[in-house]
Amino acid sequence: MSNKFYVTTPIYYVNDKPHIGSTYTTVIADVLARAHRLRGDKTLFLTGTDENSQKNLEAAQKAGFDNLPAYLDSMAEIWQTTWKTLGLTYDDFIRTTEKRHHQGVERFWRAVQKSGDIYKAEYERDYCVGCEAFKTAHELTDGRCPLHPNKDLEKVKEENYFFRASAYKDDLLKLYHEHPEFIEPKSRMNEIRSYVKEAFEDFSISRESGKLACGIPVPDDDSQRIYVWFDALLNYMTAVGYGTDDKLFKKWWPADVHLIGKDIIKFHCALWPAMIMSAAKSDPALLDETGAVLLPKSVHVNGFFTVDGQKISKSLGNAIDPLDLIQEYPFDVIRYFILREIPYGEDGDFSKTRLAERYNSDLANTLGNLVNRAVAMSRKYFNGRVPDVKPEDAKTALPDTEWGGAECLEILWQTVDRYLDASRADLALESIWSSNDCSLNSANRYVEQTKPFKLVKEEPQKAALVLYTLLEACRHFAWMISPMMPDIARKIILQLGQDPKKEEQKSAKDLRQWGGLAPDSELPEPAILFPRLTE
RNA sequence: CGCGGGGUAGAGCAGAUGGCAGCUCGCCAGGCCCAUAACCUGGAGGCCGUGGGUUCAAGUCCCACCCCCGCAACCA
């Protein structure tokens, strides 16, 4: 039975190129997408760019573009090629300047309007005469413009449309209560709950056209343009046909997981569901057969990176370009590091020293070495082949050892699944490496405990069983890590003498079954998976 | 009293429902020799931010305080 799985990343601002932080979020999405494809689920992985921002205009000018669309095109291109170069397997890339998006936004706006949740009100903002620009609260120091502290700020009032978000307070609290899995990790739930309870207010959702150079016009009111989040959030729907293709929309919506960074948690966990609740009152496409509102299933929130302990900031210029990183390490290694090192949801530090440590210990010494010694011994003792034993007989360990055997691997598979469902790639990897009796570490221990290199001289039949067990375990490990490290997984499968392309066609059930490695099949000359780093 | 997260071995981190303080890396000493000077075993190293309190028993619960970090309409 196959399910559908729809995962999204935020749409990224195009006033800069991708850095390690946006890469992290996108990699997690890639991991989830790959994991679900492996399980046989129909999977849609969406990413894209947010192009209706005032900031883009400034960025375009700075980059020497005289026309905005050309700039947006070039930036969208950079984001797409970066993700492709890194091998990220997104299925669709939405740009909020696309027609399909505009149509969906318009339909959604009208629905919310029909529900009676859009009203006009006066909105006051600070205007700095020196900069000739509006300032947001956090751009000010001591209530003054830092660039022109001698000039008083002007309070400028304008009429804007507001979204009656406050009307959905109770519904949101109910949602959090009934669906604790809506926000992951749990620690974020409290934050949102208290925010909604205490500070969730109506949102201004438009600006006067004259003061906002880009953006989607408010339906039936050219004097106003739709502002930020109201437009941006809708990409998750418009990408799957909301407003343009009802059948497609029905197929994919609601999203199963929205992956985001902690900075935009309020919009995704509070404003977004409130918007949908409102629109659903007037648009039946947003209801399921039972009449319940089709809200996203969950929002998974990751923390931020520091680089060598320092906050990443565009002004500091310490953002790491992933394309530079892959000059030094294969991307799978980077993937492993950022996924494993940082407990999902927490802030984490990106340090090259630490990366090198992880590389040597986890990848070269534990994983690489295990595969290498297992393959090398089999080749050496069994004519370059997988030992010719009955897989059944190698299911369990030799007596007086700790190895958990096939049964344990099955449980490990389930553990990995469960962690990935909560985006906990860190815990999934940790459990593959250690903390149970069929991990990579225990496999290495099994070699010590059985000593196949000695055993082969006394009881070759037993050595054959041990080595088959190890090789078959490596096959399982390869598929387990494949969502996280797809290239390495493929290389391991190759070293086991199998064709990754052919294997990938098999069902998840077959891949996870004991005995997928054919006895007496040929083993190619092993190559070092991870050359050890030396100073 | 704006909101939230955090302060546990040299570094980085785990430690629902209170009960001998753990993991990874690094360091030291052994073992092994299949393997990428890799692997395995053992060891040293901790006033668990501070001060009170509850309890037979507290990183773990309560109170106060100190320090770090993030957020507060557009950086994942």
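Residues numbered from 1 in each chain as written. Chains lettered and ligands numbered in written order. Predicted model: local features only at pLDDT ≥ 70, side-chain atom pairs only at ≥ 80, totals over all residues. Heavy atoms only, no water.

## Structural notes on the overall build of chain A
Moving on, step 1. When you go through chain A residue by residue, the secondary structure sums to 21 helices and 16 strands.
Moving on, step 2. Seen through its C-alpha atoms, chain A measures out along the principal axes to roughly 90 × 55 × 40 Å.
Moving on, step 3. Here chain A holds 535 residues, and 54% of them are scored as buried.
Moving on, step 4. Taking all contacts inside chain A whose residues are at least 6 apart in sequence as the whole, residues at least 24 apart take part in 76%.
Moving on, step 5. Carbon and sulfur atoms provide 48% of the accessible area of chain A, an area that totals close to 23,900 Å².
Moving on, step 6. Taking the 68 positively charged and 81 negatively charged side chains of chain A as two groups, their mean positions are separated by 2 Å. (Helix = DSSP H or I, 4+ residues; strand = E, 2+ residues; numbered from the N terminus. Buried < 20%, exposed > 50% of the residue type's maximum accessible area, 1.4 Å probe, protein only. Contact = heavy atoms within 4.5 Å. Areas by Shrake-Rupley, 256 points an atom, 1.4 Å probe, with all protein chains shown as cover. Lys, Arg positive; Asp, Glu negative; His and termini not counted. Charge placed at Lys NZ, Arg CZ, Asp CG, Glu CD.)

## Here's the deal with the protein's contact with RNA strand B
Moving on, step 1. Neighbouring RNA strand B are 53 residues, the closest being Y13, Y227, G261, R373 and R532.
Moving on, step 2. Near the protein, meaning within 4 Å, the atoms of RNA strand B are sugar or phosphate in a fraction of 63%, with bases accounting for the rest.
Moving on, step 3. R445 has a polar side-chain atom sitting 3.5 Å from a phosphate oxygen of RNA strand B.
Moving on, step 4. Between a sugar or linking oxygen of RNA strand B and a side-chain N or O atom of E448, the distance comes to 2.6 Å. (Near = heavy atom within 4 Å. Polar contact = N/O pair within 3.5 Å; in protein donor to acceptor, adjacent residues only side chain to side chain.)

## What about the pattern of salt bridges?
Moving on, step 1. Counted under the stated rule, the structure contains 35 salt bridges.
Moving on, step 2. Of the charged contacts in the structure, one is a salt bridge between R110 and E106, with a shortest N-O distance of 3.2 Å. Within this pair, R110 and its partner E106 are both found in helix α4 (residues 99-114), separated by four residues, close to a single helical turn.
Moving on, step 3. By relative accessible area, which is 36% here, E106 ends up partly exposed.
Moving on, step 4. Within this structure, R340, E341, R354, E357, R358 and D362 form a network of salt bridges that share partners. (Salt bridge = Lys/Arg side-chain N within 4 Å of Asp/Glu carboxyl O.)

## Concerning the domain arrangement of chain A
Moving on, step 1. Assigned domains within chain A: domain 1 (4-311) and domain 2 (352-512).
Moving on, step 2. On a C-alpha basis, the centroid separation for the pair domain 1 and domain 2 is 42 Å.
Moving on, step 3. Facing 12 residues of domain 1, the contacting portion of domain 2 comprises 15 residues.
Moving on, step 4. Both faces combined, the contact of domain 1 with domain 2 buries some 1,100 Å², and carbon together with sulfur accounts for 60% of it.
Moving on, step 5. Counting across the interface, domain 1 meets domain 2 through two salt bridges.
Moving on, step 6. R39 is paired through a salt bridge with D417; the nearest N and O atoms lie 3.6 Å apart.
Moving on, step 7. On inspection of domain 1 and its partner domain 2, the count reaches three residue pairs in polar contact (both at pLDDT 80 or more).
Moving on, step 8. Residue contributions to the side of domain 1 that touches domain 2 peak at eight residues, all from helix α1 (residues 20-39).
Moving on, step 9. Class assignment of the residues belonging to the side of domain 1 that touches domain 2 gives a composition of six nonpolar, two polar and four charged. (Domains from an automatic or database assignment. Buried area = accessible area lost by both parts, 1.4 Å probe. Nonpolar A, V, L, I, M, F, W, Y, C, P; charged D, E, K, R; others polar.)

## Points about the sheet that holds strand β2 (residues 42-50)
Moving on, step 1. The strand order across the open sheet formed by six strands is β3-β2-β1-β12-β13-β7, and the pairing between neighbours is parallel. Single-partner strands in this sheet number two, and they are β3 (92-95) and β7 (183-184).
Moving on, step 2. By the bridge criterion, eight bridges tie strand β1 (residues 4-13) to β2 in an arrangement that is parallel. Counterpart to I11 in the pairing with β2 is G48.
Moving on, step 3. Each of β7, β12 (257-261) and β13 (299-302) touches helix α10 (residues 265-280); the most contacted strand, β12, lies at about 140° to it. (Pairing = 2+ DSSP bridges. Axes fitted to C-alpha atoms, helices over the stretch in contact; angles between N-to-C directions.)

## Some remarks on the state of the cysteines
Each disulfide consists of one covalent bond between the sulfur atoms belonging to two cysteines.
Moving on, step 1. Counting across every chain of the model gives one disulfide.
Moving on, step 2. The disulfide partner of C408 is C438, and the gap between their sulfur atoms is 2.3 Å. Looking along the S-S bond of the C408-C438 disulfide, the torsion reads about -75°, which is the left-handed sense. Of this pair, C408 sits in helix α14 (residues 405-421) while C438 sits in the loop between α15 (425-433) and α16 (440-450); the two residues are 30 residues apart in sequence, bridging distant segments of the chain. C438 shares its class with C408; the two are buried.
Moving on, step 3. Of all cysteine sulfurs, the one in C438 lies closest to C474, which takes part in no disulfide; the gap is 13 Å. (Disulfide = S-S within 2.5 Å.)

## Details of the packing of aromatic side chains
Moving on, step 1. By the definition in use, this model includes 28 aromatic pairs.
Moving on, step 2. Centre to centre, the rings of F108 and Y242 are 6.0 Å apart; their planes meet at 70°, and the pair counts as edge-to-face. Pair noted here: F108 is in helix α4 and Y242 is in the loop between α8 (235-238) and α9 (246-252), with a separation of 134 residues, a long-range link. Judged on exposure class, the residue F108 and its partner Y242 are both buried.
Moving on, step 3. The cationic tip of R107 hangs over the ring face of Y242; the distance from NZ or CZ to the ring centre is 4.6 Å. (Phe/Tyr/Trp six-rings, centres within 6.5 Å; stacked < 30°, edge-to-face > 60°. Lys NZ or Arg CZ within 6 Å of the ring centre and 35° of its normal.)

## Quick notes on the packing of helix α5 (residues 169-178) against α10
Axis angle and axis distance: for two packed helices, these are the angle between their axes and the distance between the axes, and together they describe the pair.
Moving on, step 1. As a packed pair, α5 and α10 sit with axes 10 Å apart at the nearest point and diverge in direction by 115°. When the interaxial angle is binned, α5 and α10 end up roughly perpendicular. Here α5 runs over α10; the crossing is right-handed. Residues D171, L172, L175 and Y176 of α5 form the contact with α10, whose participating residues are C269, A270, P273, A274 and M277.
Moving on, step 2. Within the contact of α5 with α10, the residues separate by chemical class into eight nonpolar, no polar and one charged. (Parallel < 35°, antiparallel > 145°, perpendicular 65-115°, else oblique. Left-handed = near helix turned anticlockwise from the far one by under 90°.)

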